Structures are given as C-alpha cells and as structure tokens.
Amino acid sequence: MTAALRPELEAGAAALGVQLTSRQVDQLLDYLELMRKWNQVYNLTAVREPHAMLTHHLLDSLAVVQPLRRHTGTRAARLLDVGAGAGLPGVVIAIGCPEVAVTCVDAVAKKAAFVQQVAASLTLPNLRGLHARVETLGARGIAPFDVISSRAFATLADFVSGSEAALAEGGCWLAMKGRHPGEEIAALPAGIEVFHVEPLQVPDLHAERCVIWMRKAPVSG
C-alpha cells in the first residue's frame, strides 16, 4: 500500500537536500506501513491516511536531518528523542543518519515497544525504544546525550528543564516547532540560551516549521 508513495518520498527527500539510499527509502516506507498497521490497534498517531502520514510525519521529520548533520558533522553522536511517541523524529533520524545512536524515550509503554519493534523489523542497530520518564534518566545511570530532540512535545522551558540531567557537557537541545515560539523562548530559564532558530520548508506541508537550537549558556567570569 505504501509502495506507491515511493516517488513522492524520494522527491521530497531530494527537495530537503537529504540523500537517501534505496535501502533507506525502503526502511522509511516500511516504517510508515508499521505505523499504519499498529494504528489499527494502538493510538500511536492521529494522522492515519498514508499520504498525510508521508507529509506530516516522514517528510516533516526528514526536514531536520540536514540541520542535525550540519551540527554533528560526520562524527558519531548520541541523540535522545523525548516524548517520541511513534518515533518521530527519532526513527527517521536513525534511518537517515546511521552514524547517530538514537534513543526514543516515552512514558507510554506501548509507544516505546513500537519503536523497539521498528528497530528489530527494519534492522536498525542504532535505534532503541525506552519506556521511561525523561526526568528519571540521569538517576538511572544512562550515559548523557550529545543532542536531545523533541517534536511538539512541550513548552521549551518544560523540555529543557525535564531533560537537562540527560544532556552531555557541551551538548545541545533541538526542538521542532511550528511557528516561531517567541513567548516560549522568552520564558526559558536562566542559563539556557537559544543560539539558532532555523526555519524549515517541508514539501507539500502548508504550515510553518522551525527548529530551535538551545544550549547551556557559558558561565562568565
């Protein structure tokens, strides 16, 4: 059913400047099909029509691959996707960036289990689903992460305060948002700075999108 979406996925990735191998395209389409099937039993995502899932989920998440790669270069990195739900954007990042080790954390067990199923079904050794609250990760002895991402998960202030203990020294936060969240930026706690706001253009998605890059502000003096 999702195979018919292949030309549109390839065209959308090209428009985003993301080079995908044939295998990566297969994996993304297989991921979409797994989401569609699991949605018949579990409420993973409100978007259920395959074409809409391609635009609102796959292409929307693929839009962050190039910005992430510009930040990490080609070096290996550890990324934590907070409130990942069905694995967006974490699964898409794991497929598009094999050098990035992605952990998708969600407080809902069935969603973390779905990500684990995706990792097994698509043979993605760099992907892990974790059932936990992000606030508990620091106390669980899990190694800190170079990048912590979220996609419409919470306010920026709640996102950074809840995940701060999981951030590695020198790491950063990557928050996918719709329109520019000026009020949320103004409400960030002291010691957190926005160092870049990057607009995104998602093919066939007629809505504003941007990435908010944040880090701990350097201690002066």
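Rules and cut-offs
Residues numbered from 1 in each chain as written. Predicted model: local features only at pLDDT ≥ 70, side-chain atom pairs only at ≥ 80, totals over all residues. Heavy atoms only, no water. Helix = DSSP H or I, 4+ residues; strand = E, 2+ residues; numbered from the N terminus. Buried < 20%, exposed > 50% of the residue type's maximum accessible area, 1.4 Å probe, protein only. Polar contact = N/O pair within 3.5 Å; in protein donor to acceptor, adjacent residues only side chain to side chain. Contact = heavy atoms within 4.5 Å. Arc of directions from axis to C-beta. Pairing = 2+ DSSP bridges. Axes fitted to C-alpha atoms, helices over the stretch in contact; angles between N-to-C directions.

## Details of the side chain of Thr 45
Part 1: Within the element layout of this structure, Thr 45 appears in the loop between helix 2 (22-39) and helix 3 (50-62).
Part 2: Note on Thr 45: relative accessible area 8%, which makes it buried.
Part 3: Looking at Thr 45, its side chain comes within polar contact range of the side chain of His 57, at 2.7 Å.
Part 4: If we skip the residues at most four places from it in the chain, Thr 45 touches Asn 39 and His 57.

## A closer look at helix 1 (residues 6-15)
Part 1: The complete set of buried residues in helix 1 reads Leu 9, Gly 12 and Ala 13. All buried residues of helix 1 lie within an arc of 100° about the axis, which places them on one face of the element. Opposite the packed face of helix 1, turned more than 90 degrees from it, sit the exposed residues Pro 7, Ala 14 and Ala 15.
Part 2: Each element contacted by the buried residues of helix 1 is listed here: helix 2 and helix 3.

## Some thoughts on the pairing of strand 7 (residues 209-216)
Part 1: Where strand 5 (residues 167-177) and strand 7 come together, five bridges link them in antiparallel fashion. Its bridge partner lying in strand 7, Met 176 is registered against Val 211.
Part 2: Across eight bridges, strand 6 (residues 192-200) lies against strand 7 in antiparallel orientation. Bridge assignment links Glu 193 to a residue of strand 7, and that residue is Arg 215.

## Observations concerning the sheet that holds strand 5
Hydrogen bonds between backbone atoms are what pair the strands of a sheet, whose relative direction is either parallel or antiparallel.
Part 1: In space, the seven strands of this open sheet follow the order 3-2-1-4-5-7-6, with mixed pairing throughout. Edge positions in the open sheet fall to strand 3 (127-131) and strand 6, since each of these has one partner strand only. When strand polarity is set aside, the average angle formed by the axes of neighbouring strands in this sheet is 20°.
Part 2: Packing against the sheet, helix 3 makes contact with strand 4 (145-151), strand 5 and strand 7, and its axis sits at approximately 150° to strand 4.
Part 3: Of the strands in this sheet, strand 2 (100-106) and strand 3 touch helix 6 (residues 109-121), which is tilted by about 165° from strand 3.

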